[in-house]
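Next come the chains, spelled out residue by residue.
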Amino acid sequence: MLIYLSSMQTGKDFIFIFTIFTVSMFSLILYSSNIIDPVQKIEAQNSQLKFSFIEKWGSNGSGPSKFVRPHDVGFDLKGFVYVSDRELNNIQKFTHNGTFIKMWGSKGSGNGQFRVPYSIGVDPKDEIYVVDRENHRIQKFDSDGTFLAKGGNGRGNSDNQFNRPEDITLSPFGVFVTDTGNDRILKFNTSFILVNKWGSKGTRDGQFKHPHAIDVDSKGNVYVGELNRPGVQVFDINGKFLKKWGSKGTGDGQFSVPQEHIAVDKQDRVYIVDGVSNPRVQIFDTDGHFLGKIGSHCQMSTGEGCVDPDGPGPLELGDGQFSKPEHVSIDSQDKVYVVDRGNKRIQVFALIADDLSK
């Protein structure tokens, strides 16, 4: 299920209306002369799940196909890919194989400008939603970058305000936003009317220290990750605390801080980015049982930690490794997109077919 966000203008204010659609997702097929044969596997020892490296794009800089601090990835039904850069304050649009098409955005608080663009979402009409963190709002664009609408009534803690929001997930169960500066979760209905909120600053169950990441599984369980506390808290669809899992450390199923973003795939596997000091993506079931992982440390600018995963084979130095990974996104075909922020690039992986049922 996807949620389409439209807007009506009444005077100077925008009213958001969501309509739920069931859509058949476009099959995203990656073609590129740089694509690696799927038999070349990047696989952690003792992992249940195995992934193949597909492709990568991006480098350091401010021009087309270049990044300074890439943050999130979204993809539309035509296979176009959108990347936010929180330092350059722009969105770049690419073809399915990473060929640059266009960019939009600049630093500022006007319509179509950004002050730290964070999460990206795309609706069935290929309209783009950007969480504009330091402007305390969410902006909506068409696929060419034309501004359409915005939500959020300035910085604050009232029901129609945000304080440095960082993540949003649209689900059949509602619209959930991490209102990070207020240490709370906001739940909206499909008309973008607030129907519930929970959380406060603290370390007890149901409290938060910088809620940073959120996603919802097919049964309505809400997964919340915090930047400054390792692990995950799980809530029901109305905000009732259910359980938590994860601890600080470098072993399988453990996390370092800062801990980055969460994504849930259509099989309800939970992907969590382990961030700066332990750069990898870990995969869990809904009870927190470790299923597998992708990645290890590699700083491409210096070669620190970088390895050639297949010797004389087609993979290159550092493929499947990360520096300061920040976001993970999963498309309808189970392709896993990782924002390799420290190496200024996007890497794409596929779950090996034998593991798709796990």
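**Student:** Would you mind going over the confidence of the model for the protein chain with me for this structure?
**Tutor:** Fine structural detail should not be taken from predicted coordinates in areas where pLDDT scores are low. Of the residues in the protein chain, 85% reach a pLDDT of 70 or more, and the chain-wide mean stands at 85. Averaged pLDDT values for the elements of the protein chain fall to 34 in strand β2 (residues 13-21) and rise to 98 in strand β6 (residues 66-67). Under a pLDDT of 50 for its full length, residues 1-46 has, in the predicted model, 126 contacts with residues more than four places off or in other chains.

**Student:** Honestly, the pairing of strand β8 (residues 81-85) in this entry has me stumped. Any pointers?
**Tutor:** Looking along a regular strand, one sees side chains alternate from face to face of the sheet. Among the five residues of β8, five are classified as buried, and the element is accordingly described as predominantly covered. Here β8 shows no split at all, with V81, V83 and D85 on one side and Y82 and S84 on the other all buried. As paired elements, strand β7 (residues 70-75) and β8 share five bridges and run antiparallel to each other. Paired with D72 across the strands is S84, a residue of β8. Counted along the chain from β7 to the antiparallel partner β8, the turn is five residues long, and its residue G79 has a positive phi close to 95°. Across five bridges, β8 lies against strand β9 (residues 90-94) in antiparallel orientation. When the sheet's bridge partners are listed, V81 is paired in β9 with F94. As consecutive antiparallel partners, β8 and β9 are separated by four residues, and within that stretch N89 has a phi angle of approximately 55°, a positive value.

**Student:** How should unusual backbone geometry be read in this particular structure?
**Tutor:** Most peptide bonds are trans, and most residues other than glycine sit at a negative phi. At the junction of V257 and P258, the peptide bond is cis and its omega measures out at 0° in the coordinates. With respect to the element layout, P258 can be found in the loop between β24 (254-255) and β25 (262-264). Of note, the phi angle at D183 is positive, near 50°, even though the residue is not glycine. Within the secondary structure, D183 sits in the loop between β16 (174-179) and β17 (184-188). Under the relative-accessibility criterion, D183 is labelled buried at 10%.

**Student:** I'm lost on the sheet that holds strand β14 (residues 147-151) in this one. Help?
**Tutor:** Sheets are built from strands that pair by backbone hydrogen bonding, the pairs being arranged parallel or antiparallel. Strand order in this open sheet of four strands is β11-β12-β13-β14, and the pairing throughout is antiparallel. With partners counted over all chains shown, the strands left at the sheet margins are β11 (117-122) and β14, one partner each. Between one strand axis and the next, the sheet turns by 20° as a mean value, whatever way the strands run. Summarising the sheet, strand β12 (residues 128-132) and strand β13 (residues 137-141) pair through five bridges and their orientation is antiparallel. Across the sheet, residue D132 finds its bridge partner in β13, namely R137.

**Student:** Mind showing me how you'd approach the pattern of salt bridges here?
**Tutor:** Two side chains that carry opposite charge are able to pair once their charged atoms sit near each other. Within this structure, the stated rule accounts for 24 salt bridges. Note that R69 and E326 form a salt bridge whose closest N and O atoms lie 3.4 Å from each other. Remark: E326 occurs in strand β29 (residues 325-330) and R69 occurs in the loop between β6 and β7; sequence separation between them is 257 residues. The class for R69 is partly exposed, based on a relative accessible area of 25%. Residue class for E326 comes out buried when judged on its relative accessible area of 0%. Salt-bridge contacts for D340 lead to R345; the nearest nitrogen and oxygen are separated by 2.7 Å. Exposure class is identical for D340 and R345. Each is buried. One network of salt bridges, with partners in common, ties together R69, R86, E326 and R341.

Reading the values: the criteria
- Residues numbered from 1 in each chain as written.
- Predicted model: local features only at pLDDT ≥ 70, side-chain atom pairs only at ≥ 80, totals over all residues.
- Heavy atoms only, no water.
- pLDDT = per-residue confidence, 0-100.
- Helix = DSSP H or I, 4+ residues; strand = E, 2+ residues; numbered from the N terminus.
- Contact = heavy atoms within 4.5 Å.
- Buried < 20%, exposed > 50% of the residue type's maximum accessible area, 1.4 Å probe, protein only.
- Pairing = 2+ DSSP bridges.
- Axes fitted to C-alpha atoms, helices over the stretch in contact; angles between N-to-C directions.
- Salt bridge = Lys/Arg side-chain N within 4 Å of Asp/Glu carboxyl O.

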